[in-house]
Structures are given as structure tokens and as C-alpha cells.
Amino acid sequence: MIAVGVDTHKASHYAVALDHLGQLLGELSFTASTAGYAKLRAWALRLVASQQVVFGVEGIGSWGAGLCDYLQAAGQHVVEVERPRRRDRRAGKSDRIDALAAAKSVLSGEHLSTPRRRGVLSVIRALLIARRSAVGERTRVLNQLQAVLATGPVALRERVGSGTGKQLERRIIAMRVPANSDSQARAIFGVMRDLALRSRALASDAQRYQRDLAALVRSLDATLLDEPGIGPISAAKLLACDPSRFTHEAAFARCNGTAPLPASSGQTVRHRLNRGGDRQANNAIHTIAIIRAKHQPETRAYLARRISEGKTKREALRALKRHISRDIYKRLNDLPLTS
């Protein structure tokens, strides 16, 4: 086997090829373009002769996405390589060093993962990013609205009243500044009204993204959103994680942070929550668990039984999340998605 490690950047990439014994076969710098990708593939195939070539690419979720798509479309074997941790950079850092480390990871089989599928999943990820941005920006705008009101003229504060950011948004949009107000009050009210209108526009954008996500989820699995506790955002986050790239449900649980971690000491034998992995997928499973714990009798009975067995409430919730992760993996693993 020939291992080709690639360190990716915005404008150019750097590749290092090693044989199965770890001997250096060659190095190549190429542009991050279709022509550059073709140059890398032709260069690698000239090296391998009749042997298999495996491309280990850093940053497939960012600058390496285009290269991964090109190589997979050309029928090449591509794996994603984790970026070196800071404590492992004893040899320093450069494009060549990072590419060499990626190639060595391919040979050793360590710190590798299967790239997430793209196609419709790329659309889901883009919509999730856009919705998260709109929701976060709306929160900041509502906080600004409350801050402007808190420091505004007393008469204006009394007229608008108190309340949450969303309540102020609705109230201010429906109000009109009195004609006898002074210039200061009119200017501050104008700013508050602009903030309220911006907040409403962002809320409309977030709702539109959520509707688009719901439509995509239903196109992939018509009944997934009918499951208890699973809404369009949670379903989209789990689909974006691409459970099909894991060979076993335990690997998926480790990725989404629901795999139990030993936390035993002395005569105390226990496990704790895993705070690693894909935090968006973990958030989705946590949301599903909380909703089911509040509204589903079967889940409440399950938690009560686990607590009666001696587990704490947190440990029982961890076990519930692990159970949900197992069911989600079985449900989503075989969905026919466009790669």
C-alpha cells in the first residue's frame, strides 16, 4: 500500500507519499483547484504501479472538502486524518511535516475516520449553520434592545414597559412614538424599532430554515419526525453526523458523546457522561432525551427503574441517551443518501 498524506490550505495543498515500510517516495505541492487535484492523482498513480493507494486528507470538513469530492468521484480510497494535537508537535510545524504525519497515520491506521457523505447532507449542514447563525444573532439583537431600553429616557421606559426581549420586540413594533416626544426620545425609539424589526426578520429566517430542514428530513425518512421527541432540528443534526460511516453503533455512540466512560475508584464502580465527540449530535440526543423524560410515560418509567437500581438521576439519563443513540443508529444507518 502507498499512503499519501495531504495537508490542506485555502490556496494550495501539500502531499507526501510513503510506501508500506514508511520510506519516502515523493512530495508534491499543488493548487486547491480541479487542475491541482488532477495533478495530485496523476502523480500518485505514477508512484503506485500495481499497488493500492490510500489518500489521508486533513481538514475534509473545510479546505479539503473539494479534494475529497474529486478523489472519491475518481474512485480513490480517501480517509480523513485528525489534525496533530499541539502536544504532539515536537518536530515543529510546516506543510511538509503535517503531510508526513498524515501519511504515517494512514500507514498505522490511527487517528483516521471515514469522511462524512456530502450531497443532500451538505445541504442539511449548510441550513443548520444558517439557522444557528440567525438564532444567535437574534439573541444578540434582543439583548441590545433591552440594553437600549434600560438606558433610555424614563418616560419612554415607562411607556414601553418591562418584559423579555421577544415581548419588547412585539410591543415596540406595534407602537408609534408620540408626536410631542423630544428629539432624544424619538431617536432612541427609532433605534429600538430598528432592532425589533431586525429581530423579527432574523426569526423569520430561522423559521424558514427550519421548514426547509423539515422538508429535507421527510424526503429522506417520511416517519422520522413522528418519533417521540424528534423535531426537525434534532433530526437534521443527527443526519449531518452521518451515522452510516460507523461500522458499529458503539462507534456512533462514542462519536456523539453518549458512550459511557469509566469513572470508578476503590469500591465505587460507576460510569460518567462523555463530553467529547460531535457536540451537535450530542445536543440532539440530549434534547430528545429531555423531551421524552417529560412527556413520554415509557421513558419516565425507564428512568424510575434505573434510579431504583441505585443509579443517580444523571447516570440514569446517561443510560437513556445511550439507548436513544442505539435506536437512532439502527434507524438512520441504511438511509439511501446521495454521496
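Just above, that's the structure.
Residues numbered from 1 in each chain as written. Predicted model: local features only at pLDDT ≥ 70, side-chain atom pairs only at ≥ 80, totals over all residues. Heavy atoms only, no water.

1. A short note on the state of the cysteines
Inference 1: Summed over the entire model, instances satisfying the criterion amount to zero disulfides.
Inference 2: Here C241 stays free of any disulfide, with the sulfur of C255 as its closest cysteine sulfur at 3.8 Å.
Inference 3: Assessed through its relative accessible area of 16%, C255 is described here as buried. (Disulfide = S-S within 2.5 Å. Buried < 20%, exposed > 50% of the residue type's maximum accessible area, 1.4 Å probe, protein only.)

2. Here we look at the environment of S308
Inference 1: Along the chain, S308 falls in helix α11 (residues 297-308).
Inference 2: By relative accessible area, which is 60% here, S308 ends up exposed. (Helix = DSSP H or I, 4+ residues; strand = E, 2+ residues; numbered from the N terminus.)

3. A short note on the pattern of salt bridges
Inference 1: Under the criterion given, the structure shown has 16 salt bridges.
Inference 2: Among the ionic pairs, K93 bridges to D98, the shortest N-O distance being 2.6 Å.
Inference 3: Overall, K93 belongs to the exposed group, its relative accessible area being 55%.
Inference 4: Judged by its relative accessible area of 2%, D98 is buried.
Inference 5: When the shortest N-O distance is used, the salt bridge between R117 and D242 registers 3.1 Å. Of the two residues, R117 sits in the loop between β6 (112-113) and α4 (120-150) while D242 sits in the loop between α8 (232-241) and α9 (249-255), which places them 125 residues apart along the sequence.
Inference 6: Judged by relative accessible area, which is 21%, R117 ranks as partly exposed.
Inference 7: A cluster of three or more residues bridged by salt bridges with shared partners is formed by R138, E169 and R200. (Salt bridge = Lys/Arg side-chain N within 4 Å of Asp/Glu carboxyl O.)

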